[in-house]
Amino acid sequence: MANTEHTLPGQAQRQLFTRNLMRWHRHHNDRSLPWKEEKDPYRIWLSEVILQQTRAQQAIPYYLKFLEAFPNIGALAAAEDQVVFRLWQGLGYYNRCRNMLATARYIMEAYNGSFPGSYDDLLQLKGVGPYTAAAISSFAFGLPHAVVDGNVYRVLARYFGIETPSDSTEGKRQFATLADALLDKRSSGAYNQAIMDLGATVCTPLAAKCTVCPLHKHCFAFRQDAVDLFPVRSKKQTVKKRYFHYLLLQTGRHIWIRKRREKDIWQDLHEPYLIEMPYALDEEAVRGTKAYQQLQLPGAISPVYEDLLTQRLTHQLIEARFFVVRLQHKNDIKIPADGAWVTPAALKKMAFPKTLVSFFEKKLYF
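Cut-offs applied
- Throughout, a residue's number is its position along its own chain's written sequence, starting from 1.
- Given that this is a predicted model, residues contribute local features only at a pLDDT of at least 70 and side-chain atom pairs are listed and counted only at 80 or more, while totals for whole chains, interfaces and linings are drawn from all residues.
- Calculation of side-chain values draws on the structure's entire complement of heavy atoms; hydrogens and water are dropped beforehand.
- Here an angle of 0 to 180 degrees is reported between the N-to-C directions of two axes, which are lines fitted to C-alpha atoms, with helices fitted over the stretch in contact.
- Labels follow the DSSP assignment, with helices taken as runs of H or I lasting at least four residues and strands as runs of E lasting at least two, numbered in each case from the N terminus.
- We call two directions roughly parallel when the angle between them is under 35 degrees, roughly antiparallel when it is over 145, roughly perpendicular when it lies between 65 and 115, and oblique otherwise.
- By definition in these notes, contact holds between two residues if any of their heavy atoms fall within 4.5 Å.
- Note on pairing: DSSP must find at least two bridges between two strands before they are called paired.
- Put simply, a disulfide is two cysteine sulfurs that come within 2.5 Å.
- In this scheme the handedness of a crossing depends on how the near helix is turned from the far one: anticlockwise by less than a right angle means left-handed, clockwise means right-handed.
- When residues are sorted by character, Ala, Val, Leu, Ile, Met, Phe, Trp, Tyr, Cys and Pro go into the nonpolar class, Asp, Glu, Lys and Arg into the charged class, and all the rest, Gly among them, into the polar class.
- Note on definitions: salt bridges are taken to be side-chain nitrogens of Lys or Arg within 4 Å of carboxyl oxygens of Asp or Glu.
- Accessibility here uses a 1.4 Å probe with only protein chains present; expressed as a share of the type maximum, an area under 20% marks a residue as buried, one over 50% as exposed, and anything in between as partly exposed.
- Aromatic rings from Phe, Tyr and Trp, taking only the six-membered ring of Trp, are treated as a pair when their centres fall within 6.5 Å; an angle between ring planes under 30 degrees marks them as stacked, one over 60 as edge-to-face, and anything in between as tilted.
- A helix is expected to span 1.5 Å for every residue after the first.

Visitor: If you had to explain the packing of helix α9 (residues 150-160) against helix α11 (residues 188-201) to someone new, which residues and values would you point to?
Guide: Angle between the axes and distance between the axes are the two parameters that describe a pair of packed helices. Between α9 and α11, whose axes approach to 8 Å, the crossing angle comes to 80 degrees. The angle between α9 and α11 falls in the class roughly perpendicular. Across from Asn151, Val152, Arg154, Val155 and Leu156 in α9, the residues of α11 making contact are Ile195, Met196, Leu198, Gly199 and Ala200.

This is how it looks when you write it as C-alpha coordinates:
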(Lines give C-alpha, C1' and ligand atoms only; values in the text may rest on other atoms or scores of the structure.)
Protein backbone atom coordinates (compact mmCIF):
# COMPACT_ATOMS: atom_id res chain seq x y z
CA MET A 1 0.00 0.00 0.00
CA ALA A 2 1.32 3.45 -0.89
CA ASN A 3 2.26 5.89 1.82
CA THR A 4 -0.62 8.36 2.07
CA GLU A 5 0.07 9.37 5.68
CA HIS A 6 2.73 11.63 7.07
CA THR A 7 4.15 9.11 9.54
CA LEU A 8 7.81 8.33 8.98
CA PRO A 9 8.81 4.84 7.90
CA GLY A 10 10.16 2.72 10.74
CA GLN A 11 13.74 3.08 11.89
CA ALA A 12 14.78 -0.29 10.47
CA GLN A 13 13.35 0.61 7.05
CA ARG A 14 15.10 3.97 7.09
CA GLN A 15 18.43 2.44 8.11
CA LEU A 16 18.17 -0.17 5.34
CA PHE A 17 17.58 2.56 2.75
CA THR A 18 20.54 4.65 3.91
CA ARG A 19 22.89 1.69 4.33
CA ASN A 20 22.22 0.34 0.83
CA LEU A 21 22.48 3.80 -0.72
CA MET A 22 25.82 4.54 0.95
CA ARG A 23 27.22 1.14 -0.01
CA TRP A 24 26.34 1.83 -3.64
CA HIS A 25 27.95 5.26 -3.41
CA ARG A 26 31.21 3.86 -2.04
CA HIS A 27 31.58 0.98 -4.50
CA HIS A 28 29.56 1.70 -7.65
CA ASN A 29 28.82 5.42 -8.02
CA ASP A 30 31.17 6.50 -10.79
CA ARG A 31 29.36 9.66 -11.88
CA SER A 32 32.03 12.25 -12.68
CA LEU A 33 31.38 15.98 -12.30
CA PRO A 34 33.95 18.79 -11.90
CA TRP A 35 32.37 20.03 -8.67
CA LYS A 36 32.02 16.59 -7.09
CA GLU A 37 34.00 16.15 -3.85
CA GLU A 38 34.55 19.92 -3.82
CA LYS A 39 34.98 21.51 -0.36
CA ASP A 40 35.42 25.17 -1.36
CA PRO A 41 32.09 26.90 -0.52
CA TYR A 42 32.56 29.42 -3.37
CA ARG A 43 32.88 26.66 -5.97
CA ILE A 44 30.00 24.68 -4.48
CA TRP A 45 27.80 27.77 -4.44
CA LEU A 46 28.78 28.65 -8.02
CA SER A 47 27.96 25.15 -9.24
CA GLU A 48 24.62 25.11 -7.43
CA VAL A 49 23.58 28.49 -8.84
CA ILE A 50 24.41 27.35 -12.38
CA LEU A 51 22.68 23.99 -11.84
CA GLN A 52 19.37 25.62 -10.88
CA GLN A 53 17.06 24.96 -13.86
CA THR A 54 20.05 23.56 -15.83
CA ARG A 55 21.06 19.98 -16.61
CA ALA A 56 24.47 18.91 -15.31
CA GLN A 57 26.03 18.29 -18.72
CA GLN A 58 24.96 21.73 -19.92
CA ALA A 59 26.21 23.31 -16.70
CA ILE A 60 29.75 21.90 -16.86
CA PRO A 61 31.23 24.22 -19.53
CA TYR A 62 29.65 27.27 -17.87
CA TYR A 63 31.03 26.26 -14.48
CA LEU A 64 34.53 25.86 -15.91
CA LYS A 65 34.32 29.17 -17.81
CA PHE A 66 33.18 31.02 -14.69
CA LEU A 67 35.98 29.53 -12.61
CA GLU A 68 38.52 30.56 -15.22
CA ALA A 69 37.18 34.11 -15.39
CA PHE A 70 36.42 34.46 -11.67
CA PRO A 71 38.59 32.03 -9.65
CA ASN A 72 37.33 33.40 -6.34
CA ILE A 73 34.40 35.35 -5.00
CA GLY A 74 36.38 38.59 -4.92
CA ALA A 75 36.98 38.42 -8.66
CA LEU A 76 33.29 37.79 -9.32
CA ALA A 77 32.19 40.61 -7.02
CA ALA A 78 34.52 43.06 -8.77
CA ALA A 79 33.41 42.15 -12.30
CA GLU A 80 31.25 44.44 -14.43
CA ASP A 81 27.65 43.29 -14.71
CA GLN A 82 27.71 43.02 -18.51
CA VAL A 83 30.85 40.88 -18.46
CA VAL A 84 29.13 38.41 -16.14
CA PHE A 85 25.85 38.47 -18.08
CA ARG A 86 27.74 37.85 -21.31
CA LEU A 87 29.41 34.78 -19.79
CA TRP A 88 26.03 33.59 -18.50
CA GLN A 89 24.48 33.95 -21.96
CA GLY A 90 22.61 30.81 -23.00
CA LEU A 91 21.78 29.58 -19.49
CA GLY A 92 18.55 31.57 -19.20
CA TYR A 93 16.76 32.46 -15.94
CA TYR A 94 18.87 35.60 -15.64
CA ASN A 95 17.57 36.34 -12.14
CA ARG A 96 20.05 33.66 -11.05
CA CYS A 97 22.87 35.74 -12.49
CA ARG A 98 21.63 38.95 -10.88
CA ASN A 99 21.26 37.24 -7.50
CA MET A 100 24.70 35.66 -7.88
CA LEU A 101 26.34 39.05 -8.40
CA ALA A 102 24.41 40.60 -5.50
CA THR A 103 25.40 37.74 -3.18
CA ALA A 104 29.07 37.86 -4.21
CA ARG A 105 29.22 41.59 -3.42
CA TYR A 106 27.32 41.14 -0.17
CA ILE A 107 29.70 38.41 1.03
CA MET A 108 32.69 40.61 0.23
CA GLU A 109 31.16 43.47 2.20
CA ALA A 110 29.49 41.66 5.11
CA TYR A 111 31.75 38.62 5.53
CA ASN A 112 35.07 39.88 4.19
CA GLY A 113 34.92 37.40 1.31
CA SER A 114 34.28 34.26 3.42
CA PHE A 115 31.05 32.31 3.11
CA PRO A 116 28.93 32.11 6.28
CA GLY A 117 29.31 28.68 7.85
CA SER A 118 25.78 28.08 9.13
CA TYR A 119 22.67 26.90 7.31
CA ASP A 120 20.55 29.76 8.66
CA ASP A 121 23.06 32.41 7.60
CA LEU A 122 23.35 30.87 4.15
CA LEU A 123 19.57 31.07 3.80
CA GLN A 124 19.77 34.84 4.17
CA LEU A 125 21.84 35.18 0.99
CA LYS A 126 20.02 36.37 -2.11
CA GLY A 127 19.12 33.49 -4.42
CA VAL A 128 19.94 30.84 -1.81
CA GLY A 129 17.01 28.65 -0.82
CA PRO A 130 16.80 25.56 1.40
CA TYR A 131 18.29 23.26 -1.25
CA THR A 132 21.35 25.42 -1.99
CA ALA A 133 21.89 26.19 1.71
CA ALA A 134 21.79 22.46 2.48
CA ALA A 135 24.21 21.68 -0.35
CA ILE A 136 26.78 24.28 0.75
CA SER A 137 26.49 23.49 4.45
CA SER A 138 26.80 19.73 3.94
CA PHE A 139 29.42 19.64 1.15
CA ALA A 140 31.63 22.49 2.41
CA PHE A 141 31.13 22.34 6.18
CA GLY A 142 29.91 18.78 6.85
CA LEU A 143 26.74 19.99 8.55
CA PRO A 144 23.77 17.57 8.81
CA HIS A 145 21.33 19.09 6.31
CA ALA A 146 19.61 17.00 3.64
CA VAL A 147 19.24 18.32 0.10
CA VAL A 148 15.85 17.89 -1.52
CA ASP A 149 15.69 18.39 -5.29
CA GLY A 150 13.89 16.70 -8.18
CA ASN A 151 16.16 13.67 -8.02
CA VAL A 152 15.53 13.24 -4.30
CA TYR A 153 11.76 13.62 -4.69
CA ARG A 154 11.79 10.89 -7.33
CA VAL A 155 13.91 8.40 -5.36
CA LEU A 156 11.96 8.84 -2.14
CA ALA A 157 8.54 8.86 -3.79
CA ARG A 158 9.24 5.61 -5.63
CA TYR A 159 10.98 3.77 -2.80
CA PHE A 160 8.47 4.63 -0.09
CA GLY A 161 5.38 4.88 -2.37
CA ILE A 162 4.58 8.47 -1.41
CA GLU A 163 1.36 9.62 -3.08
CA THR A 164 1.39 13.16 -1.70
CA PRO A 165 2.09 15.48 -4.67
CA SER A 166 5.72 16.57 -4.52
CA ASP A 167 4.84 20.04 -5.81
CA SER A 168 2.36 20.77 -3.02
CA THR A 169 3.17 22.58 0.22
CA GLU A 170 2.14 19.48 2.15
CA GLY A 171 4.31 17.26 -0.06
CA LYS A 172 7.39 19.46 0.20
CA ARG A 173 7.11 19.37 3.98
CA GLN A 174 6.67 15.59 4.00
CA PHE A 175 9.64 14.96 1.70
CA ALA A 176 11.87 17.35 3.66
CA THR A 177 11.04 15.63 6.94
CA LEU A 178 11.74 12.18 5.46
CA ALA A 179 14.97 13.34 3.81
CA ASP A 180 16.26 14.63 7.16
CA ALA A 181 15.33 11.36 8.87
CA LEU A 182 17.24 9.32 6.27
CA LEU A 183 20.36 11.49 6.27
CA ASP A 184 23.63 9.88 7.29
CA LYS A 185 24.60 12.63 9.70
CA ARG A 186 28.21 11.43 9.99
CA SER A 187 28.70 11.75 6.21
CA SER A 188 26.04 14.23 5.14
CA GLY A 189 27.91 15.42 2.06
CA ALA A 190 28.49 11.88 0.79
CA TYR A 191 24.86 10.93 1.48
CA ASN A 192 23.51 13.98 -0.36
CA GLN A 193 25.80 13.30 -3.31
CA ALA A 194 24.73 9.64 -3.33
CA ILE A 195 20.99 10.21 -3.46
CA MET A 196 21.27 12.94 -6.11
CA ASP A 197 23.55 10.78 -8.26
CA LEU A 198 21.24 7.78 -7.91
CA GLY A 199 18.32 9.88 -9.11
CA ALA A 200 20.33 11.34 -11.99
CA THR A 201 21.85 8.09 -13.28
CA VAL A 202 19.71 5.14 -12.11
CA CYS A 203 16.30 6.27 -10.81
CA THR A 204 15.77 8.49 -13.85
CA PRO A 205 12.47 10.15 -14.86
CA LEU A 206 12.12 7.87 -17.89
CA ALA A 207 13.47 4.36 -18.47
CA ALA A 208 14.68 3.94 -14.90
CA LYS A 209 17.43 1.32 -14.52
CA CYS A 210 15.63 -0.57 -11.77
CA THR A 211 17.44 -3.89 -12.21
CA VAL A 212 20.81 -2.30 -11.29
CA CYS A 213 19.40 -0.08 -8.55
CA PRO A 214 20.78 -0.91 -5.09
CA LEU A 215 17.35 -0.16 -3.59
CA HIS A 216 15.03 -2.03 -5.93
CA LYS A 217 14.37 -5.09 -3.71
CA HIS A 218 12.51 -2.94 -1.19
CA CYS A 219 11.24 -0.24 -3.56
CA PHE A 220 7.46 0.17 -3.46
CA ALA A 221 7.13 1.41 -7.05
CA PHE A 222 9.32 -1.38 -8.44
CA ARG A 223 7.46 -4.12 -6.58
CA GLN A 224 4.11 -2.68 -7.70
CA ASP A 225 5.27 -2.16 -11.30
CA ALA A 226 4.36 1.49 -10.90
CA VAL A 227 7.70 3.27 -11.34
CA ASP A 228 6.34 5.68 -13.96
CA LEU A 229 3.54 6.81 -11.62
CA PHE A 230 5.90 8.41 -9.09
CA PRO A 231 6.45 11.11 -8.02
CA VAL A 232 2.89 12.40 -8.10
CA ARG A 233 2.38 15.97 -9.23
CA SER A 234 -0.74 18.09 -8.70
CA LYS A 235 -0.19 21.06 -10.99
CA LYS A 236 -0.65 21.13 -14.72
CA GLN A 237 1.78 23.55 -16.25
CA THR A 238 0.14 26.23 -18.38
CA VAL A 239 2.24 27.80 -21.10
CA LYS A 240 1.68 31.38 -22.20
CA LYS A 241 2.46 32.11 -25.84
CA ARG A 242 3.99 35.50 -26.66
CA TYR A 243 4.63 37.05 -30.06
CA PHE A 244 7.71 39.26 -30.38
CA HIS A 245 8.34 41.22 -33.58
CA TYR A 246 11.87 42.60 -33.71
CA LEU A 247 12.72 45.45 -36.07
CA LEU A 248 16.41 45.43 -36.94
CA LEU A 249 16.83 49.14 -37.55
CA GLN A 250 20.04 49.45 -39.60
CA THR A 251 21.98 52.31 -41.07
CA GLY A 252 25.34 51.59 -42.62
CA ARG A 253 27.11 49.22 -40.25
CA HIS A 254 25.09 50.25 -37.22
CA ILE A 255 22.08 48.59 -35.64
CA TRP A 256 19.84 50.07 -32.96
CA ILE A 257 19.88 48.16 -29.64
CA ARG A 258 18.28 48.76 -26.24
CA LYS A 259 18.51 47.12 -22.81
CA ARG A 260 15.38 45.50 -21.36
CA ARG A 261 14.64 47.32 -18.10
CA GLU A 262 11.14 45.99 -17.47
CA LYS A 263 10.37 43.50 -14.69
CA ASP A 264 9.91 40.74 -17.21
CA ILE A 265 11.83 37.93 -18.87
CA TRP A 266 15.34 38.82 -20.05
CA GLN A 267 15.66 41.83 -17.76
CA ASP A 268 19.00 43.64 -18.27
CA LEU A 269 19.66 41.83 -21.55
CA HIS A 270 19.75 43.61 -24.90
CA GLU A 271 17.44 43.50 -27.90
CA PRO A 272 16.52 45.41 -31.09
CA TYR A 273 13.33 47.47 -31.35
CA LEU A 274 10.47 45.26 -30.12
CA ILE A 275 6.81 45.21 -31.04
CA GLU A 276 4.94 42.69 -28.91
CA MET A 277 1.41 41.75 -29.93
CA PRO A 278 -1.06 39.07 -28.77
CA TYR A 279 -0.82 37.42 -32.21
CA ALA A 280 1.65 37.03 -35.07
CA LEU A 281 2.05 39.82 -37.63
CA ASP A 282 3.26 39.90 -41.22
CA GLU A 283 5.12 42.83 -42.81
CA GLU A 284 1.96 44.77 -43.66
CA ALA A 285 0.45 44.26 -40.21
CA VAL A 286 3.71 45.39 -38.57
CA ARG A 287 3.49 48.70 -40.48
CA GLY A 288 0.00 49.21 -39.08
CA THR A 289 0.97 49.00 -35.41
CA LYS A 290 1.18 52.06 -33.22
CA ALA A 291 4.73 51.13 -32.16
CA TYR A 292 5.87 51.12 -35.80
CA GLN A 293 4.14 54.38 -36.65
CA GLN A 294 5.77 56.09 -33.67
CA LEU A 295 9.10 55.69 -35.47
CA GLN A 296 7.83 58.08 -38.16
CA LEU A 297 9.67 56.25 -40.93
CA PRO A 298 9.52 57.63 -44.49
CA GLY A 299 6.85 55.90 -46.55
CA ALA A 300 9.43 54.42 -48.93
CA ILE A 301 10.97 52.41 -46.12
CA SER A 302 9.33 49.08 -45.29
CA PRO A 303 10.18 46.21 -42.93
CA VAL A 304 11.42 43.06 -44.68
CA TYR A 305 10.67 39.76 -42.96
CA GLU A 306 13.85 37.77 -42.34
CA ASP A 307 13.36 34.90 -39.88
CA LEU A 308 11.29 33.20 -37.17
CA LEU A 309 12.79 31.60 -34.05
CA THR A 310 11.10 30.16 -30.98
CA GLN A 311 12.28 29.75 -27.40
CA ARG A 312 10.56 27.72 -24.69
CA LEU A 313 10.81 29.08 -21.16
CA THR A 314 9.34 27.39 -18.11
CA HIS A 315 5.87 28.90 -18.48
CA GLN A 316 6.19 30.78 -21.75
CA LEU A 317 6.73 30.09 -25.42
CA ILE A 318 8.30 33.00 -27.30
CA GLU A 319 7.78 33.31 -31.04
CA ALA A 320 10.29 35.88 -32.26
CA ARG A 321 9.91 37.26 -35.80
CA PHE A 322 12.66 39.41 -37.26
CA PHE A 323 12.17 42.24 -39.74
CA VAL A 324 15.00 44.27 -41.28
CA VAL A 325 14.49 48.02 -41.72
CA ARG A 326 17.29 49.65 -43.74
CA LEU A 327 17.76 53.39 -43.36
CA GLN A 328 19.89 55.83 -45.34
CA HIS A 329 20.49 58.10 -42.36
CA LYS A 330 19.95 57.88 -38.61
CA ASN A 331 17.77 60.99 -38.73
CA ASP A 332 15.32 59.16 -41.03
CA ILE A 333 13.69 57.86 -37.88
CA LYS A 334 12.31 59.13 -34.58
CA ILE A 335 14.29 56.77 -32.44
CA PRO A 336 13.43 56.07 -28.77
CA ALA A 337 15.81 57.51 -26.20
CA ASP A 338 16.39 54.22 -24.37
CA GLY A 339 18.75 52.67 -26.93
CA ALA A 340 21.86 53.32 -29.01
CA TRP A 341 23.36 52.64 -32.44
CA VAL A 342 26.07 50.00 -32.17
CA THR A 343 28.45 48.19 -34.52
CA PRO A 344 28.70 44.40 -35.01
CA ALA A 345 31.89 44.48 -32.96
CA ALA A 346 29.98 46.05 -30.06
CA LEU A 347 27.26 43.38 -30.32
CA LYS A 348 29.81 40.74 -29.42
CA LYS A 349 30.37 42.39 -26.04
CA MET A 350 26.69 42.66 -25.12
CA ALA A 351 24.48 40.07 -23.43
CA PHE A 352 21.43 38.87 -25.38
CA PRO A 353 18.69 36.26 -24.84
CA LYS A 354 19.37 32.88 -26.42
CA THR A 355 16.90 33.53 -29.26
CA LEU A 356 18.70 36.70 -30.31
CA VAL A 357 22.12 35.07 -30.07
CA SER A 358 20.89 32.34 -32.41
CA PHE A 359 19.58 34.91 -34.87
CA PHE A 360 22.72 37.04 -34.85
CA GLU A 361 24.97 34.01 -35.26
CA LYS A 362 22.80 32.60 -38.04
CA LYS A 363 22.79 35.89 -39.92
CA LEU A 364 26.53 36.45 -39.36
CA TYR A 365 26.10 39.54 -37.20
CA PHE A 366 28.49 37.96 -34.70
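Visitor: Can you break down the pairing of strand β5 (residues 304-312) residue by residue, with the values?
Guide: Pairing between β5 and strand β6 (residues 316-327): 8 bridges, direction antiparallel. Bridge pairing in β6 places Arg312 opposite Leu317. Counted along the chain from β5 to the antiparallel partner β6, the turn is 3 residues long.

Visitor: How would you explain the state of the cysteines if you had to name every residue and give the values?
Guide: If you walk through the whole model with that rule in mind, you get 0 disulfides. We note that Cys219 lacks a disulfide partner, and the nearest cysteine sulfur, in Cys210, lies 6.4 Å from it.

Visitor: How would you summarise the packing of helix α1 (residues 11-27) against α9 if you had to cite specific residues and measurements?
Guide: Relative orientation of the contacting elements α1 and α9 amounts to 130 degrees, with a least axis distance of 13 Å. If you check the angle between α1 and α9, you find them oblique. In this structure, α1 crosses over α9, and the sense of that crossing is right-handed. Between α1, through Gln13, Leu16 and Phe17, and α9, the contact on the second element is made entirely by Val155, Leu156, Tyr159 and Phe160. Among the residues making up the contact of α1 with α9, the classes are represented as 6 nonpolar, 1 polar and no charged.

Visitor: Please provide a residue-by-residue account of the pattern of salt bridges, values included.
Guide: Counted by the stated rule, this structure contains 17 salt bridges. For Lys36, the salt bridge is made with Asp197, and the minimal N-O distance between the two is 2.9 Å. Of this pair, Lys36 sits in the loop between α1 and α2 (41-51) while Asp197 sits in helix α11, placing them 161 residues apart in sequence. On the basis of relative accessible area, Asp197 is assigned to the buried category, the value being 0%. Ionic pairing is found between Glu276 and Arg242, a salt bridge with its closest N-O pair at 2.8 Å. Of this pair, Glu276 sits in strand β4 (residues 273-277) while Arg242 sits in strand β1 (residues 240-251), placing them 34 residues apart in sequence. Given the relative accessible area of 36%, Glu276 is considered partly exposed. Through salt bridges with shared partners, a single ionic network connects Arg242, Arg258, Arg260, Glu262, Asp264, Glu271, Glu276 and Asp338.

Visitor: An account of the packing of aromatic side chains is requested, with residue identities and associated values reported.
Guide: Applying the stated criterion across every chain yields a total of 20 aromatic pairs. Here Phe66 and Trp88 contribute two aromatic rings whose centre-to-centre distance is 6.0 Å and whose plane-to-plane angle is 85 degrees, an arrangement assigned as edge-to-face. Taken together, the residues span a long stretch of sequence, with Phe66 in helix α3 (residues 56-69) and Trp88 in helix α5 (residues 81-88) at a distance of 22 residues. Note on Trp88: relative accessible area 0%, which makes it buried. Seen in terms of ring centroids, Tyr159 and Phe160 are 4.7 Å apart; in terms of plane orientation they differ by 70 degrees. Their pairing is edge-to-face. Owing to a relative accessible area of 6%, Phe160 belongs among the buried residues under this scheme.

Visitor: Let's hear about helix α6 (residues 95-110): which residues, and what values?
Guide: Taking 1.5 Å per residue, 16 residues should reach 22 Å; α6 reaches 22 Å between its end C-alpha atoms and fits that length. One or two steps after α6, the chain reaches Asn112, where phi turns positive at roughly 55 degrees.

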